[in-house]
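# Fold and contact review
So you can see what is in the structure, the chains are spelled out below.
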Amino acid sequence: MNIVILGAGLMGRLLACQLARAGHTLELFDAGGSEALTSAARAAAAMLAPLAESAITETSVVQMGMYSLPRWPELIAQLDEPVFFQQIGTLVLWHRQDAAEAQRFARQMEATHAALPSLPKAQPLDGAGIAQLEPSLGSRFTQGLFLPGEGQLDNHQLLAAMLHQLQRLNVKLHWDSPRVPADFAPGQPGQPDWVFDCRGVGAQAQWPALRGVRGEIITLLAPEVKLSRPTRLIHPRYPIYIAPKGGDYFVVGATEIESDDLSEMSVRSTLELLSAAYSVDSGFAEARIMDLVTQCRPALPNNLPSIRMLGERVMQINGLYRHGYLIAPAMLDVVMELLQTHTSPLAQTFALAISPAKD
Ligand SMILES: Cc1cc2nc3c(=O)[nH]c(=O)nc-3n(C[C@H](O)[C@H](O)[C@H](O)COP(=O)(O)OP(=O)(O)OC[C@H]3O[C@@H](n4cnc5c(N)ncnc54)[C@H](O)[C@@H]3O)c2cc1C
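The rules behind these values
- Residues numbered from 1 in each chain as written.
- Predicted model: local features only at pLDDT ≥ 70, side-chain atom pairs only at ≥ 80, totals over all residues.
- Heavy atoms only, no water.
- Pairing = 2+ DSSP bridges.
- Helix = DSSP H or I, 4+ residues; strand = E, 2+ residues; numbered from the N terminus.
- Axes fitted to C-alpha atoms, helices over the stretch in contact; angles between N-to-C directions.
- Right-handed = clockwise from strand over helix to strand, strands pointing away.
- Contact = heavy atoms within 4.5 Å.
- Near = heavy atom within 4 Å.
- Polar contact = N/O pair within 3.5 Å; in protein donor to acceptor, adjacent residues only side chain to side chain.
- Areas by Shrake-Rupley, 256 points an atom, 1.4 Å probe, with all protein chains shown as cover.
- Nonpolar A, V, L, I, M, F, W, Y, C, P; charged D, E, K, R; others polar.
- Domains from an automatic or database assignment.

## What about the sheet that holds strand β10 (residues 194-197)?
Pairing is mixed across the open sheet formed by seven strands, whose spatial order is β9-β2-β1-β10-β17-β16-β18. The outermost strands of the open sheet, each flanked by one partner alone, are β9 (172-174) and β18 (354-356). Strand-to-strand twist in this sheet, taken as the mean axis angle between neighbours without regard to direction, amounts to 20 degrees. Of the pairings in the sheet, the one linking strand β2 (residues 25-29) to β9 comprises three bridges and is parallel in character. Across the sheet, the residue bridging to Glu-27 is Lys-172, located in β9.

In structure tokens, the structure reads:
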């Protein structure tokens, strides 16, 4: 088939790779350039944390996340370049003044496990347990939680590897080329057979319920810090995480602000993220600030992902919010089922709504 994809962020690239490998003829349009600087995909920390996220999302997203964890290594293996992927769990820590918030989080983990007993159970840790996992932290914290099986990947490597595969498979790539679904008449002579709309927040004009949720993130170079796994700090305002990215690089994120403002990072957010990182590991004192990034997560009113049909041959995939990397493989497999059979048993498993066009 001849297929057009709008948006070359996370969902657009993933879908384009899958369809191009299956032998379809593809054109991919993006409003920005090949480095994906205009996408949430590029800004993200790419944590794959279904348990930690269950504190703030629905069971369906947790289930999609659990389904997706083993799918990522399979998808990465189909690319021509290596992409860093790690699955050695998450460490959750808190300072004494945030103990009440930590209790709420632990209760939430128990509720998640009661609802989905097949999930790995959060494990309480004392100082010795923390030191065993992360030797540099044991003397600073006396209590924590370990969330087994959670993962993360290097999104910059992933986006670049997908781009190179699309080039190799002769996909027609159109950069700095914003498009809307109405620019195409799929099924008509000389037109594509299908259009997939993966424009994230860029689809707002045609999907008014969409909103952007501002997130800020900092990349640090910190040779003195020896954390090996993603570490979350319970924080009264946002769930803050420190994600090791290899080569002494760490990503500290992310704020969550109800605004679609894409201006530079604020002083307050910078201070809060950096002081949180320093309070976890004083080795961050001499870290170098390599990058400060602001982007918006594409979200729908219920903060859940959605697939919406705009006519018979235009499919919109959006609302991935703060869980894009966590759930993208599940969304991809649902879309492939829909394309092949017009139904998706997987979507039913996840209680994922597939709706006809309406706002
Ligand atoms: C700070 C931050 C941290 C995050 N951390 C995580 C995390 O740790 N784990 C996780 O799972 N998720 C995380 N996310 C969420 C994740 O990045 C998003 O859910 C995901 O990128 C959404 O994918 P998407 O393809 O729908 O949109 P995007 O990745 O935003 O891609 C949309 C693309 O569409 C293009 N576009 C826009 N308008 C047009 C147009 N008119 N025509 C053509 N192209 C257009 C844009 O240029 C962009 O390239 C984070 C997001 C942010 C901002």
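Having seen the model, we can carry on.
## Details of the pairing of β2
The pairing of strand β1 (residues 2-6) with β2 spans five bridges and is parallel. In the sheet register, Asn-2 faces β2, and the bridge partner there is Thr-25. Following the backbone out of β1, through helix α1 (residues 10-21) and into the adjacent parallel β2, one traces a crossover that is right-handed.

## Considerations on the side chain of Gln-165
Here Gln-165 lies in helix α7 (residues 155-168). When residues no more than four places from it in sequence are discounted, the contact partners of Gln-165 are Cys-17, Arg-21, Gln-78, Leu-79 and Asp-80.

## So, the sheet that holds strand β6 (residues 123-126)
Read from one edge to the other, the open sheet built from eight strands follows the order β6-β7-β5-β12-β13-β14-β11-β15, with strand pairing classed as mixed. The sheet is open, and its two borders are formed by β6 and β15 (288-299), each paired with just one other strand. Between one strand axis and the next, the sheet turns by 25 degrees as a mean value, whatever way the strands run. Pairing of strand β11 (residues 211-221) with strand β14 (residues 249-253) involves five bridges; the strand directions are antiparallel. Residue pairing across strands places Leu-220 opposite Phe-250, the latter belonging to β14. Each of β5 (90-93) and β7 (143-147) is contacted by helix α5 (residues 99-115), which is oriented at about 30 degrees to β7, the strand it contacts most. Running at roughly 45 degrees to β11, helix α8 (residues 267-280) makes contact with β5, β11, β12 (231-233), β13 (240-246), β14 and β15 of the sheet.

## A word on the site of the ligand
Lining the immediate surroundings of the ligand are 35 residues, of which Asp-30, Thr-38, Tyr-321, Tyr-325 and Leu-326 lie closest. Here Ala-41 contributes a backbone N or O atom positioned 3.1 Å from an oxygen atom of the ligand. Considering the ligand on its own, with 1000 Å² of exposed area, one finds that the protein chains cover 95% of that surface. Residue assignment for the shell around the ligand shows that the elements contributing at least two residues are α1, α2 (40-43), β15 and α9 (324-341). Class assignment for the residues of the shell around the ligand results in 19 nonpolar, eleven polar and five charged. Each of domain 1 (2-52 + 154-205 + 301-356) and domain 2 (90-148 + 211-298) contributes no fewer than three residues to the shell around the ligand.

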